[in-house]
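Here's the letter readout for the chains.
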Amino acid sequence: MIALRGKALSAPLEEPLGHTVWKIVDVATANSQRGSRAFVVGEDGEAPEGFDLYLTRSCGPSAGKGEAVLRLPPELDYLSGDDVISVSDDGQRVRVLWRHESRQNSVLLTERCNHYCLMCSQPPKTANDDRLLAEAFELMRLLPRGTSEIGFTGGEPTLYGQGVIDLLRLCRNLHPEAQVHVLSNGTRFADPEFAAAWAGIDNPNMMVGIPIYGAEPARHDYVVQAEGAFNQTIPGILNLAQLRQRIEIRVVLHKLTAPALPEIAEFIARNLPFVYQVALMGLEMIGLARANIPELWIDPTDYADELVEAVTLLDRNRIHTMIYNHQLCLIPRSMWPYTVRSISDWKNEYHPECVECSVKDECGGFFFSAKYKVSEKIKAIPGEAPREPALLEL
Amino acid sequence: MSEHRLSFASSAHSVDAVQRAAYRFSDRLSCDISERPDAVEVIVHLADDTSEPEAVLADFRNEVLDQVLRERIRAETGDVRNLVLALAFSRTGLIDADG
Amino acid sequence: MAKFRGPLAFQAPSAEWQLLPFRFERINGKVLVTNLVGEHLFLSAEDFDQLARNELPTDSPLVRRLRAKHVIREGADELPVELLAIKSRTRYRRLAEFTSLHIFVASLRCEHSCPYCQVSRQSSDKGAFDMTWETAALGLESAFRSPSQNIKIEFQGGEPLLNFELIEEVVAAAEVRNASEGKNLGFVIATNLALLDDRVIDFCRAHDVYISTSLDGPADLHNKNRPRPGKNSWELATAGIQRVREELGVDRVSALMTTTRSSLGRVREIIDTYVELGLTSMFLRTLSPYGFAIKTKSFDAYDVDHWLPFYEEGLDYIIELNARGVPMVEQYAALILKKMLTNDDPGYVDLTSPSGIGIGAIVYNYDGDVYASDEGRMLAEMGDKKFRLGNLHQDSYEEIMLSDALLAPLEESFAPSAPMCQDCAFETYCGSDPTYHYATTGDFVGRKPTSGFCRRNMAIFKLLLDRYEGDAGTRALFQTWAGH
Ligand code: SF4
Ligand code: SF4
């Protein structure tokens, strides 16, 4: 997988950087602009003058003397022009905010959250990390016009209240064409004022993805480990719907949610038919999910019936439904047209079966972290690949 | 016509519940219902060609019990029902979802 | 791990379950429970007992199902009330829509002499039984007064093609009028197709007119039902259907069957006839009760009990066809399933409450009399003008739409307050059909325990739920029908 953070091998700075967010330029992308830009030195060792920060690759040639130079760790050697990073003041810690090659950039706005989902991939922390929001503002200004997709995640971004509204408004104003996707647990929208502020951003290309894990409070609240969550999230969704906002419902499938999938689908079709789409997500064995394997793990083949039932019901109710992060060999063929292959630009690590598999190019399959828990039923699909993959739609 | 006497304790059965059961069964039987201090007395008339009269009477008794339950549901939920309907007609549409 | 709290921590704190309005019906040892808006679930008798005795545990799969379906709520939970309100509102939206189907009886004359038809005349006297342009113009005026955004104008008879000039005039005038009104305007001609010719085809193509015809099944059955000189009604109808499909498009023609006693036992053949003609939807109609019932005021459970096996066999055959990949929709089931499985109400006249009469459809007779439903017109032809709302030449739109002849049956038959319907678990799927009940019993409500309408519909509701619960394939099919 691609590393998104790392420690500099060396960063002999004479004084603190005094600036956090840097857009990377290289020989190919450099122009006369210097502000907020870090020059990454290529194989040829060429380094135009005047940048406040130079980056060198772990084994690459160094830059001139006397400049602020940071040597990247090997796992960040891939950084190149038009990527955006944040660098701690001492130059030691580097975080990647944006990879121009990825169509799945998601901007982490905070690690704080009012929920504590059993399978959270980004375990919530409590420390103040407002700087992440500040960096996101900066990032919006550095992204090129024509950026097509921007995702925001947390933690829970809406904890910022007006702060996140301001960010999203800036995002809309600077990148009106971009498809904007925000992940939220939805509770904040139960406040009509906040929902109205959200609608006031007035971005028709913006969608909020909100998870629900049950058709009634008990199951949902247990999964998100927060009492009263369901009774806030659903009214939040209703508020947004009234304001004609685009809503995606997300259901992460695991042992607690998969058996209830038909009920959840029925609940959505009957009570929330206005949603723009429903995304059924395979469980990623990262973050808290790894700690809760006994509570959460279920072989996808064991919920095949529920999956078919739910997807059929949603589809017949004309609710656009997508299946993410599922190995094709583990779900019925009738479900394949609904699968979406997350486009990733890093190499999937393949299971031995996958090597011989005829549909591995279409398979949402093997995201790396699955190596922590793998279904024993993975089995190469012989023969011709029978379908066109759907593209990722945010 | 055969006649059968049934008695339902007033403490647990209202005349209304018995009447509703009788109405529902009016394709199978007819009833004379009278109210005593401690019981609702019912004379059930069954057509002579009724097959298994005992089963029909048992069904009728169960129907009375169900009507008692329906009465309770109506009483317990009347307010919520009115609330829902008031809410439903007081605001403008949300689920007009197709849009 | 101590950080995570177990499922017990998220049970409703007090577990004070409160009932939400629901109704129930015992069916074959199980209990059907429907909530205020008609969402259903089946419970075992034991589970239902727990609910009935107020002995629900703090948490259990049963409790969760009941909460999810808005049958119970915890203490002061407001969300279920809110959601039920939204769903009810959606369901009643149809009421505000008001009349969208306007039936013009272009001519009472017909060259068929079908024995069960109560209205047509064998006459060549155009003057006596054809609608005049003056009358049609008033009907058009009334149609455009209706607040509905959708206006469908349907020409019926007799055989409306016998007065084709009038159809041409009405369509032309409606289009001119609509240029400024901007409604969704559509036209249908209900014809036996015997008189289909180039002129009609060209006209229908030019003005997007749909054709609705009659097809009772195989040739012998159809021709027996529909005598005409030449004894070739079936041949003309099927050739006409084929011609419309080829020259106007497959979606431009639909067929409706009349069920007579001779149809009983032949449902598969009837369905096959439709399949052979490439039709993808049909309406397995009930035995028409009017003539018989009105003359004898007779209890028609007999008819219903003979018809139900016909319907059941037909429905199962259609399900089987779909499973084999042959597309066919049974319209009556589809209408009911929409009400069962969605918040939508298709507004079908027989299955709405308040009744759809005058609201879903309104009939302008050839002589200008206005009826609340087609059945109301038939009743009038048999001498009882109970459902005559007025006359286009004498009464204003307001007088017609507010007439007692319309309001009284609407009010009196309102199913949620009718005896037995009030407590009926199927009430949200059902309707009130005051015309039927008036025709059979003399009052708008009827006695549901002995009503053929109730008996038939209750049996169909049970049948549909049974098939829906029974098998995932049928469930998917029914969901498709409901989504139409
Ligand atoms: S074998 Fe691998 S590539 Fe093939 S379907 Fe299964 S997981 Fe996907
Ligand atoms: S007519 Fe019969 S089935 Fe329909 S609501 Fe009334 S009681 Fe129920």
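What counts and how
Residues numbered from 1 in each chain as written. Chains lettered and ligands numbered in written order. Predicted model: local features only at pLDDT ≥ 70, side-chain atom pairs only at ≥ 80, totals over all residues. Heavy atoms only, no water. Helix = DSSP H or I, 4+ residues; strand = E, 2+ residues; numbered from the N terminus. Rg over C-alpha atoms; globule rule 2.2 N^0.38 Å. Buried < 20%, exposed > 50% of the residue type's maximum accessible area, 1.4 Å probe, protein only. Lys, Arg positive; Asp, Glu negative; His and termini not counted. Charge placed at Lys NZ, Arg CZ, Asp CG, Glu CD. Pairing = 2+ DSSP bridges. Salt bridge = Lys/Arg side-chain N within 4 Å of Asp/Glu carboxyl O. Near = heavy atom within 4 Å. Nonpolar A, V, L, I, M, F, W, Y, C, P; charged D, E, K, R; others polar. Contact = heavy atoms within 4.5 Å. Buried area = accessible area lost by both parts, 1.4 Å probe. Polar contact = N/O pair within 3.5 Å; in protein donor to acceptor, adjacent residues only side chain to side chain. Axes fitted to C-alpha atoms, helices over the stretch in contact; angles between N-to-C directions. Core = buried A, V, L, I, M, F, W, Y, C linked by side-chain atoms within 4.5 Å.

Asker: So what's going on with the overall build of chain B? Which residues, and what values?
Answerer: Across its full length, chain B holds two helices and three strands. Listing the helices and strands of chain B from first to last along the sequence gives β-α-β-β-α. By the compact-globule yardstick of 13 Å for 99 residues, chain B is too spread out, its C-alpha radius of gyration being 19 Å. C-alpha extents for chain B along the principal axes are approximately 60 × 35 × 15 Å. By residue count, 38% of the 99 residues in chain B fall in the buried class. Side-chain charges in chain B split into 11 positive and 19 negative, and the spacing between the mean points of these groups amounts to 5 Å.

Asker: Tell me about the sheet that holds strand β13 (residues 277-282) of chain A, residues and numbers included.
Answerer: Judged by pairing direction, the sheet is parallel, and its eight strands sit side by side in the order β8-β9-β10-β11-β12-β13-β14-β15 (chain A) without closing on themselves. Both edges of this open sheet fall to β8 (106-108) and β15 (339-340) of chain A, since each of them pairs with a single strand only.

Asker: Can you break down the pattern of salt bridges residue by residue, with the values?
Answerer: It is possible for side chains bearing opposite charge to pair when their charged atoms get close. All names here are of chain A. By the definition in use, this model includes 54 salt bridges over all chains. In this structure, the salt-bridge partner of E149 is R103, at a minimum N-O distance of 2.7 Å. On the criterion of sequence distance, the pair formed by E149 in strand β9 (residues 149-153) and R103 in the loop between β7 (93-98) and β8 is long-range, its members being 46 residues apart.

Asker: Go over the site of ligand 2 with me, naming the residues and quoting the values.
Answerer: In the vicinity of ligand 2, the contacting residues are C:M420, C:C421, C:C424, C:E427, C:C430, C:K448, C:F453, C:C454 and C:M458. The residue inventory of the shell around ligand 2, partitioned by class, reads seven nonpolar, no polar and two charged.

Asker: Can you explain the environment of B:V40? Please cite residues and give values.
Answerer: All names here are of chain B. Assignment of secondary structure puts V40 in strand β3 (residues 39-46). By relative accessible area, which is 1% here, V40 ends up buried. Put simply, V40 and L6 are 34 residues apart on the chain and 8.3 Å apart in space, counted from C-alpha to C-alpha.

Asker: I'd like to hear about the interface of chain A and chain C, residue by residue, with values.
Answerer: The partner chain C presents 38 residues to the 33 residues of chain A that form the contact. Interface area, chain A with chain C, both sides summed: about 2,800 Å², of which 53% is carbon and sulfur. Summed over the shared surface of chain A and chain C, the result is three salt bridges. A salt bridge links C:R475 to A:E309; the nearest nitrogen and oxygen atoms lie 2.6 Å apart. The interface formed by chain A and chain C holds twelve residue pairs in polar contact (both at pLDDT 80 or more) in total. Looking at the side of chain A that touches chain C, its residues break down into 16 nonpolar, six polar and eleven charged.

Asker: Which residues make up the sheet that holds strand β2 (residues 22-27) of chain C, and what values go with them?
Answerer: Residue and element names in this part refer to chain C. If you walk across this open sheet you meet the three strands as β2-β3-β4, and the pairing is antiparallel. Two strands lie at the open edges of the sheet, namely β2 and β4 (40-44), each paired on one side alone. Put simply, the sheet's adjacent strands are angled 25 degrees from each other on average, direction ignored. Direction of pairing for β2 relative to strand β3 (residues 30-35): antiparallel, over a ladder of six bridges. The residue of β3 that forms the bridge with I27 is K30.

Asker: Requested: an account of the site of ligand 1, with residues and values cited.
Answerer: Around ligand 1 lies a shell formed by A:Q327, A:L328, A:C329, A:C354, A:C357, A:V359, A:K360, A:C363, A:I378, A:K379 and A:A380. In the shell around ligand 1, the residues fall into eight nonpolar, one polar and two charged.

Asker: Quick one: what's the story with the nonpolar core, residue by residue and with numbers?
Answerer: One finds A:F152, A:W198 and A:L272 to be the most contacted residues of the largest nonpolar core, which totals 215 residues. When residues in this core are grouped by element, the largest group, ten residues, is from helix α12 (residues 301-323) of chain C. Here A:L272 is in contact with A:I212, A:I234, A:I237, A:L238, A:I249 and A:F267, once residues within four sequence places are set aside. One finds C:F22, C:L43, C:L66 and C:I72 within the second-largest nonpolar core, a separate group that totals 19 residues.

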